[in-house]
Amino acid sequence: FYEEQLPANGPFDLSNSAIDLIFTGASYIVAPGSGSFVAPTSANLADPATPPVTASTAGVWDDAHVAPITLPFTFNYPGGSTTEITINTNGFMFLEANTDPNTCFAYYSGFGDFLNLGPRIAPAFGDLDPASPTNTGGIYYETDGATFARITWDNLQEWDPSLAGVLPTSTFQVTLNSSGIVQIVYGACAYTNAEMISGFTPGNGAALPAPIDFLAVANGAPYQGGDGAFPPVLSLDANPVLGTTPNMVTSDITPGTAAGLTAIDF
């Protein structure tokens, strides 16, 4: 699933919003966000004083990968699992180790790379430039060593060939949880010139679905990834308290379902 934003469609509209990707085992439910922005306190991974190992232009942080990072847990996602991620300066991360400089580029390369390269989560995959002479932002990775890993693109400038005036900046954050839930939180974002995409892809030749509206999701309209069908849910309409009779409620049953059986036992 994805949303593509083009300059002709107006400014980036997800500033100061949040969404969650809830892992169901086969797909993500994209839902209104439960997270809030946490200011990073770790060292800047895109520090100009330490050139990147992997970049489209050697030694320059524009269009570059941070060295692969080993997670403190196995992260499961639709289509696979990983213990490593690779953060890119252009607002996405590969859910795998990646040291190929040919995979570092901004979104101008279009849907082909998004669908055919490795699996990735892209909160705001566009064209950001930590190498700008006037850049004051950075990229940060933090973890509690057991249950979460948080990646922050903080106050990064949009690439501008003229470097004239005050360049737009964007701040956003992704938290990978050991449960498989992904929390994406947007601060102030100002993508104004570049093409940009937000979404998730398992890569490796994935199909291109119809786009979705992430702002509608953030405002309370969940979206089911995969084939678009919500999984069936079995729940109670009240707590199972002795002396009461709660009802078992089924929902999201696909039309044409042949039969269902519920067995309750000790």
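Everything quoted here is computed from the prediction, not taken from an experiment.

Topic: the overall build of the protein
Scanning the protein from terminus to terminus reveals two helices and 17 strands. Judged by the C-alpha coordinates and their principal axes, the protein covers about 70 × 40 × 30 Å. Per-residue burial for the protein yields a buried fraction of 44% across its 266 residues. Long-range contacts, defined as pairs at least 24 residues apart, comprise 62% of the intrachain contacts of the protein with a sequence gap of at least 6. Surface summary for the protein: the accessible area is close to 12,500 Å², and the carbon and sulfur share equals 56%.

Some details on the layout of surface pockets
If you roll a probe as big as a water molecule over the atoms, it shows you where there is empty space left. Estimates place the volume of the largest pocket at around 300 Å³. Lining the largest pocket are 18 residues, with Phe1, Phe200, Pro202, Pro209 and Gly226 sitting closest to its centre. Elements represented by at least two residues in the lining of the largest pocket include exactly helix H1 (111–116) and strand E14 (196–201).

Some points on a nonpolar patch on the surface
A cluster of nonpolar side chains, Leu234, Leu236, Met248 and Ile264, forms an exposed patch at the surface whose accessible area comes to about 400 Å². Relative to the helices and strands, Met248 resides in strand E17 (residues 248–251). The class of Met248 is partly exposed, set by a relative accessible area of 42%.

Concerning the environment of Asp20
Topologically, Asp20 is positioned in strand E2 (residues 18–23). Residues Asp20 and Val217, spaced 197 residues apart in sequence, show a C-alpha to C-alpha distance of 9.3 Å. Those residues in contact with Asp20 that sit more than four places away from it in its chain are Ile29, Val30, Ala31, Pro32, Gly33, Ser34, Gly35, Val182 and Gln183. Within polar-contact distance, the side chain of Asp20 engages the side chain of Ser34 at 2.6 Å.

Regarding the environment of Ile181
Within the element layout of this structure, Ile181 appears in the loop between strand E12 (169–177) and strand E13 (182–186). On the basis of relative accessible area, Ile181 is assigned to the partly exposed category, the value being 29%. Separated by 33 residues in sequence, Ile181 and Phe148 place their C-alpha atoms 9.7 Å apart.

Details of the packing of aromatic side chains
Scanning the entire structure with this criterion turns up 15 aromatic pairs. When the centroid spacing of 6.1 Å and the interplanar angle of 85° are considered together, the rings of Tyr107 and Phe111 count as edge-to-face. The class of Tyr107 is buried, set by a relative accessible area of 1%. Seen from their ring centres, Phe172 and Tyr186 are 6.3 Å apart, and the 45° between their planes marks the pair as tilted.

Focus: the sheet that holds strand E15 (residues 223–224)
An order of E10-E11-E12-E13-E2-E3-E15 is seen for the seven strands of this open sheet, with the pairing classed as antiparallel. Lying at the two open borders of the sheet, with one neighbouring strand each, are strand E10 (138–143) and E15. Of the strand pairs in this sheet, E2 and E13 are connected by four bridges, and their pairing is antiparallel. From the neighbouring strand, Asp20 faces E13, where its bridge partner is Gln183.

The rules behind each value
- Residues numbered from 1 in each chain as written.
- Predicted model: local features only at pLDDT ≥ 70, side-chain atom pairs only at ≥ 80, totals over all residues.
- Heavy atoms only, no water.
- Helix = DSSP H or I, 4+ residues; strand = E, 2+ residues; numbered from the N terminus.
- Buried < 20%, exposed > 50% of the residue type's maximum accessible area, 1.4 Å probe, protein only.
- Contact = heavy atoms within 4.5 Å.
- Areas by Shrake-Rupley, 256 points an atom, 1.4 Å probe, with all protein chains shown as cover.
- 1 Å grid on protein atoms, 1.4 Å probe; cavity = no way out; pocket = protein on both sides within 12 Å on 5 of 7 lines; lining within 4 Å.
- Points joined across faces, edges and corners; volume = space filled by probe spheres on them.
- Patch = residues over 30% accessible without salt bridge, like charges linked within 9 Å, V, L, I, M, F, W, Y side chains within 5 Å.
- Salt bridge = Lys/Arg side-chain N within 4 Å of Asp/Glu carboxyl O.
- Polar contact = N/O pair within 3.5 Å; in protein donor to acceptor, adjacent residues only side chain to side chain.
- Phe/Tyr/Trp six-rings, centres within 6.5 Å; stacked < 30°, edge-to-face > 60°.
- Pairing = 2+ DSSP bridges.

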